[in-house]
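Residue-level listing of the chains:
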Amino acid sequence: MARKKRTAIQLNSPQRKAMEYGMLILGSLVLATSFNLFLNPNQIASGGVSGLSTILHNLFGLPPAIVQWACNIPLFLLGLKLLDRQYSMKAAIGSVVLPLCVMLTSHLHPLTTNPLLASIYGGIGVGLGIGIVFRGRGSTGGFAIASQILHKYTGFSLGACVAVFDGFVILFAGIVFDPEKALYALIALFVTSKTIDIVQMGWNTSKVAYIISNETDSLRETILYDLDRGVTLLDGSGGYTGDARKVLMAVVSQSEVSKLKIMVRSVDPDAFIILCPANEVLGEGFRAG
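It should be emphasised that the depicted structure is a prediction, and the values quoted were computed from it without experimental measurement.

1. A closer look at the UniProt feature "transmembrane region" (unreviewed entry) in the chain
Feature annotation in UniProt assigns "transmembrane region" (unreviewed entry) to the following positions: residues 21-39, 59-80, 92-110, 116-134 and 155-177. The span residues 59-80 is 86% helical and 0% strand by assignment, and the distance between its end C-alpha atoms comes to 31 Å. For the annotated span residues 92-110, helix accounts for 68% and strand for 0% of the residues, and the straight-line distance between the end C-alpha atoms is 29 Å.

2. Describing the packing of aromatic side chains
Tallied over the entire structure, the rule returns 3 aromatic pairs. Sitting above the plane of the Phe177 ring, Lys181 keeps its charged end 6.0 Å from the centroid.

3. A look at the pattern of salt bridges
Evaluation of the coordinates by the stated rule reveals 4 salt bridges. Put simply, Arg16 and Glu20 hold a salt bridge, and the shortest N to O gap is 3.0 Å. Taken together, the residues span about one helical turn, with Arg16 and Glu20 both in helix H2 (residues 14-39) at a distance of 4 residues. Put simply, Glu20 and Arg137 hold a salt bridge, and the shortest N to O gap is 2.7 Å. Here the residue Glu20 occupies a position in helix H2, and Arg137 occupies one in the loop between helix H6 (115-135) and helix H7 (143-154), the gap between them amounting to 117 residues. Residue Arg137 is classed as partly exposed on the basis of its relative accessible area of 43%. One network of salt bridges, in which partners are shared, links Arg16, Glu20 and Arg137.

Here is what the cut-offs are and how they apply
Residues numbered from 1 in each chain as written. Predicted model: local features only at pLDDT ≥ 70, side-chain atom pairs only at ≥ 80, totals over all residues. Heavy atoms only, no water. UniProt positions renumbered as here; feature names shortened; annotations may be inferred. Helix = DSSP H or I, 4+ residues; strand = E, 2+ residues; numbered from the N terminus. Phe/Tyr/Trp six-rings, centres within 6.5 Å; stacked < 30°, edge-to-face > 60°. Lys NZ or Arg CZ within 6 Å of the ring centre and 35° of its normal. Salt bridge = Lys/Arg side-chain N within 4 Å of Asp/Glu carboxyl O. Buried < 20%, exposed > 50% of the residue type's maximum accessible area, 1.4 Å probe, protein only.

Here it is in structure tokens:
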């Protein structure tokens, strides 16, 4: 019980909060810079309020920051009323800070006029910015709030609701600009989603190994002392025989997978090994968090 209390204090410490607000501002700045350097000047509307602002900017000459404020602030207030939850201060700040960053970086000259390059690098930049915001437990508001409202009142999955709004923006872009621009927008959206995953979970993918063997004790010592990795014993039973048996579980880095397989085979050539990806591992011997 005391351990949980210490964790809660740490998560809500002034230093942690200051870092999270800093990440919100930094992520918004990275996102806005990528928007002005790549996406907006090349008419690539890859979903979200920012994509809608690109369309309206090219249709009516409206400044993207003004369009984003006009969408973000009402959506935040609507979500505050309809979702029956207390939106964090970071969501409110994100709804204001991102358009402000877009305005402050609007003077930047585009780095390329090639739409393919713009969709790839713009998608990377936007994904990096959003990933930083998410790592700071923040939000930039916009259609994320609208998706939550649609999710609550229709019963559709949240992913489907996000796809509805992004799909609408990309379809609108295909009508206003041309179908090719919509295809580039899909590339940017895909790159953005992959970049967010990388920022959230990192480049290095560890592996979870499940080992079923009759040489459990020997394998346990091999993994503990020769591979220098922790190991957990799980209770299992044979599906055919019903006999009780132990299952070894260990988490290893990508570079240790081959070594693990060689060690297991040297102890028990008949061992059954299952390797599964573990996108993020926190704890001793891995990342601190």
